[in-house]
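So the chains spell out like this:
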Amino acid sequence: METQRENSASNLLGGVWCFLRKCLFFVLSFGPMPNHIAFIMDGNRRYAKSRRVKQGNGHRAGFTALTSVLQYCYEMGVKYVTVYAFSIENFKRQPDEVQSLMDLMKQKIDELLKEESIVNKYRIRINFWGNLSLLSEPVRLAAEKAMASTARNTGPVFSVCVAYTSTNEIMHAVEESCVEKRGRIRKGYNNGYKDESVQADNKDSVISVTDLERHLYTSDCPDPDIVIRTSGETRLSNFLLWQTTFSHLQNPVPLWPEFSFRHLVWAILEYQRIYPYLEQRRTSSKEKN
Amino acid sequence: MQRVQSSKILRFTLGFFWCLLHLPVSIVHLGSYLIKQLLYYMISSGLLQKYQNLQLDKLRYLAIVVESEEAKNTTKIKQLLSWLSSIGVKYVTLYDMEGVLKKSVETDLKSSENPSVADGNAVASVHQERMTVELLSFSDGKGAVAKAASFLCLQYLEGDSVGYNKMEPVFTETDVTNALKAVGHGGPDPDLLLVYGPARCHLGFPAWRIRYTEIVHMGSLRSMKYGAVVKAIYDFSKKHQNYENMPQFVYEHF
């Protein structure tokens, strides 16, 4: 009887909180809203250290923060959310930490694909960007399964950068562009003509910027409007360096597990303040090209 | 008529609440601005001892991104360069999207004393007293990577003219770095990047070089302060002193 009453009370509170959130988002949307937000989820380990708990619990707290932030972003109408989960550099950490992170990732991917998860609620399409061949077999298979089963979803897009660095992504795009070029040349030879762009005077334009952008992992995704790195760090750490030409780089002080609703609202307000400037730069740059 | 009026009232009310929501942000910005101005004044007038002797051993390469409209103010740019030179910075990369700096600063520096221009394809390096200044624009970013990619692609295709038995191209990041050097766009990775403009935004600075660069927003060029530059360099050197003897992947947390 007691627990029933407690449950209905907490449901009511939850409902009121949800309603208040929606009102706040409605007011926020009077101004420009970002279409794509990227997060560098920094600070899990420092969080665990400050709470004197095991490192694994820091990462778990980080995952809880992630699901809340995703929920708020999709409620606000942000269509694309990208997170930096694991860098290629992070493989150099202690093997047991890497292993526990891999196990946590697999567990969370499986959870996300369950019926009652946020993925099905919002019809989220999941992407995994990075050099997936560097991942251990079970994680890679789980990631590929998640991508395949959500590929036809038409809702918001959630992209996870794992075994990723921006320089690796660019290098991969160079390789793919070469393969594409080789294919075009072969086709040309089969049709009896030589590919003109391999002439000496055109050697700089064998591969163009557009060719490279077509082969980046982010090719079907707009550039991020905001990149948020928690813990107050000022580096981008090899994350989306190509795609962040006009992104507002923010570095709030709270650690990632502490990043909550009010921090997200503050980030949007900061973005809205400089939106006119960034939009003007973006438009004039497009006109020039 | 009534519907139009009520929707106008709704929009007005919404707008009012939206401004109300932005009020705390504006107050915080104003407060922080005032505190910083005081701090910069104290630094410039030598009141704070710890900012007097800057340790520059960790800061080998400094980069500056300037909003192109503000970059037209050559006096400010020259003043900034002279501040950096007096602080003891040895290598400065100046970047603006539209190449305004390349046109204005290069001609200025060439006509000053001790000019020596090292000519790259798209980069001009001028030695000003004891400081090297590199000038970049947007074409040195994505365009340069495309040129490096073309270079690598040609090398790959060259061996076998038709290439039916060729293996898949396998490049490494070092290959791309070397290709960038070969096409005249190799340059050092800056340790610290100062952004002068309305927003903290790198505006297309060559992506390949800012992997682990600390990016600091300095505000507009028009209102630049010597104390702000000193503080940015001091904070950088303090942070990196703590990282001494620590390999990079250890402090790259998440």
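Cut-offs applied
- Residues numbered from 1 in each chain as written.
- Chains lettered and ligands numbered in written order.
- Predicted model: local features only at pLDDT ≥ 70, side-chain atom pairs only at ≥ 80, totals over all residues.
- Heavy atoms only, no water.
- UniProt positions renumbered as here; feature names shortened; annotations may be inferred.
- Helix = DSSP H or I, 4+ residues; strand = E, 2+ residues; numbered from the N terminus.
- Buried < 20%, exposed > 50% of the residue type's maximum accessible area, 1.4 Å probe, protein only.
- Contact = heavy atoms within 4.5 Å.
- Areas by Shrake-Rupley, 256 points an atom, 1.4 Å probe, with all protein chains shown as cover.
- 1 Å grid on protein atoms, 1.4 Å probe; cavity = no way out; pocket = protein on both sides within 12 Å on 5 of 7 lines; lining within 4 Å.
- Points joined across faces, edges and corners; volume = space filled by probe spheres on them.
- Nonpolar A, V, L, I, M, F, W, Y, C, P; charged D, E, K, R; others polar.
- Buried area = accessible area lost by both parts, 1.4 Å probe.
- Salt bridge = Lys/Arg side-chain N within 4 Å of Asp/Glu carboxyl O.
- Polar contact = N/O pair within 3.5 Å; in protein donor to acceptor, adjacent residues only side chain to side chain.
- Phe/Tyr/Trp six-rings, centres within 6.5 Å; stacked < 30°, edge-to-face > 60°.
- Core = buried A, V, L, I, M, F, W, Y, C linked by side-chain atoms within 4.5 Å.
- Axes fitted to C-alpha atoms, helices over the stretch in contact; angles between N-to-C directions.
- Parallel < 35°, antiparallel > 145°, perpendicular 65-115°, else oblique.

What UniProt states about chain B under its Catalytic activity (unreviewed entry) heading is, verbatim, "n isopentenyl diphosphate + (2E,6E)-farnesyl diphosphate = a di-trans,poly-cis-polyprenyl diphosphate + n diphosphate".

If you check an unreviewed UniProt entry, chain A appears there as Alkyl transferase from Phoenix dactylifera.

This paragraph deals with the overall build of chain A. Counting secondary structure elements, chain A contains nine helices and six strands. For chain A, the spread of C-alpha atoms along the principal axes amounts to about 85 × 45 × 35 Å. Within chain A, buried positions represent 54% of all 289 residues. Taking all contacts inside chain A whose residues are at least 6 apart in sequence as the whole, residues at least 24 apart take part in 78%. Of the accessible surface of chain A, which amounts to about 13,600 Å², a share of 53% is contributed by carbon and sulfur atoms.

Next up on the list: the layout of surface pockets. The volume enclosed by the largest pocket comes to roughly 1,800 Å³. For the largest pocket, the lining is made up of 45 residues, of which Asn-251 of chain A together with His-29, Ser-32, Lys-36 and His-217 of chain B are closest to its centre. Among the secondary structure elements, those contributing two or more residues to the lining of the largest pocket are strand S6 (248-250) and helix H9 (261-288) of chain A together with helix H1 (2-44), strand S6 (192-196), strand S7 (214-219) and helix H7 (226-242) of chain B. For the lining of the largest pocket, the per-class residue count stands at 21 nonpolar, 13 polar and eleven charged. By volume, the second largest pocket is sized at about 510 Å³. In terms of lining, the second largest pocket is formed by 20 residues, of which the most central are Glu-213, Asp-223, Phe-246 and Lys-286 of chain A together with Lys-142 of chain B. Contributing elements (two or more residues each) for the lining of the second largest pocket: helix H8 (209-214) and H9 of chain A. Considering only residue class, the lining of the second largest pocket consists of seven nonpolar, six polar and seven charged.

Right, let's talk about the interface of chain B and chain A for a bit. If you look at the interface, chain B gives 65 residues, while chain A gives 75 residues. A buried area of about 6,500 Å², summed over both sides, lies between chain B and chain A, and 63% of it is on carbon and sulfur atoms. Across the contact surface, chain B and chain A share six salt bridges. With a closest N to O distance of 2.9 Å, Arg-281 of chain A and Glu-67 of chain B form a salt bridge. Between chain B and chain A we count 25 residue pairs in polar contact (both at pLDDT 80 or more) in total. Contributions of two or more residues to the side of chain B that touches chain A are made by H1, helix H5 (142-158), helix H6 (173-182), S7 and helix H8 (248-251) of chain B. Taken together, the residues of the side of chain B that touches chain A break down into 38 nonpolar, 14 polar and 13 charged.

Here the UniProt-annotated "transmembrane region" (unreviewed entry) positions come out as residues 12-35 of chain B. Taken end to end, residues 12-35 of chain B comprises 100% helix and 0% strand; its first and last C-alpha atoms sit 35 Å apart.

Residues and elements named next belong to chain A. If you walk through the whole model with that rule in mind, you get five cavities of 30 Å³ or more. Empty space within the largest cavity amounts to approximately 380 Å³. Considering the residues around the largest cavity, the lining is formed by 24 residues, among which Met-41, Phe-63, Leu-66, Ala-85 and Met-105 are closest to the centre. Taken together, the elements giving at least two residues each to the lining of the largest cavity come down to helix H3 (55-76), strand S2 (80-87), helix H4 (95-112), strand S3 (125-129) and strand S4 (157-164). In terms of residue class, the lining of the largest cavity is made up of 18 nonpolar, four polar and two charged.

This part takes up the packing of aromatic side chains. Residue and element names in this part refer to chain A. The final tally for this structure, using the stated rule, is 19 aromatic pairs over all chains. With centroids separated by 6.2 Å and ring planes inclined at 75°, the aromatic side chains of Tyr-164 and Phe-239 adopt a geometry described as edge-to-face. In this pair, Tyr-164 sits in strand S4 while Phe-239 sits in the loop between strand S5 (226-229) and S6, placing the two residues 75 residues apart along the sequence. Its relative accessible area of 0% is what places Tyr-164 among the buried residues. Look at Phe-239 and you get buried, because its relative accessible area is 0%. Ring centres 5.6 Å apart and planes at 15° place the aromatic pair Trp-256 and Phe-259 in the stacked group. For the residue pair Trp-256 and Phe-259, the accessibility class agrees, reading buried in each case. These aromatic residues form a ring-pair network of at least three members: Trp-17, Phe-25, Tyr-72 and Phe-261.

A word on the nonpolar core. If you look at the biggest cluster of nonpolar residues, it comprises 56 residues, and the most contacted ones within it are Phe-39, Val-81, Phe-128 and Phe-158 of chain A. In terms of residue count, the dominant contributor to this core is H3 of chain A (nine residues). Formed by 38 residues, the second largest nonpolar core is a distinct cluster that contains Ile-64, Val-66, Leu-84 and Met-218 of chain B.

Another point: the environment of Asp-204 of chain A. Relative to the helices and strands, Asp-204 of chain A resides in the loop between helix H7 (166-190) and H8. Taking C-alpha positions, Asp-204 of chain A is 46 Å from Asp-110 of chain A, a pair spaced 94 residues apart along the chain. Apart from residues no more than four positions distant in its own chain, Asp-204 of chain A is found in contact with Ala-146, Lys-147 and Ser-150 of chain B.

Right, let's talk about the packing of helix H1 (residues 2-28) of chain A against H1 of chain B for a bit. Taken N-terminus to C-terminus, the directions of H1 of chain A and H1 of chain B make an angle of 95°; their axes are 8 Å apart at the nearest point. With respect to their mutual orientation, H1 of chain A and H1 of chain B come out roughly perpendicular. Listed contacts from H1 of chain B to Leu-24, Phe-26, Val-27 and Leu-28 of chain A of H1 of chain A are Leu-14, Phe-17, Trp-18 and Leu-21 of chain B. Here the residues of the contact of H1 of chain A with H1 of chain B are counted per class, giving eight nonpolar, no polar and no charged.

Once that is clear, we can look at the side chain of Arg-209 of chain B. Residue and element names in this part refer to chain B. Mapped onto the elements of the fold, Arg-209 is located in the loop between S6 and S7. From its side chain, Arg-209 meets the backbone oxygen of Pro-188 in a polar contact 2.9 Å long. Those residues within four positions of Arg-209 in sequence are excluded, and the remaining contacts are Thr-93, Glu-134, Leu-136, Gly-187, Pro-188, Asp-189 and Pro-190.

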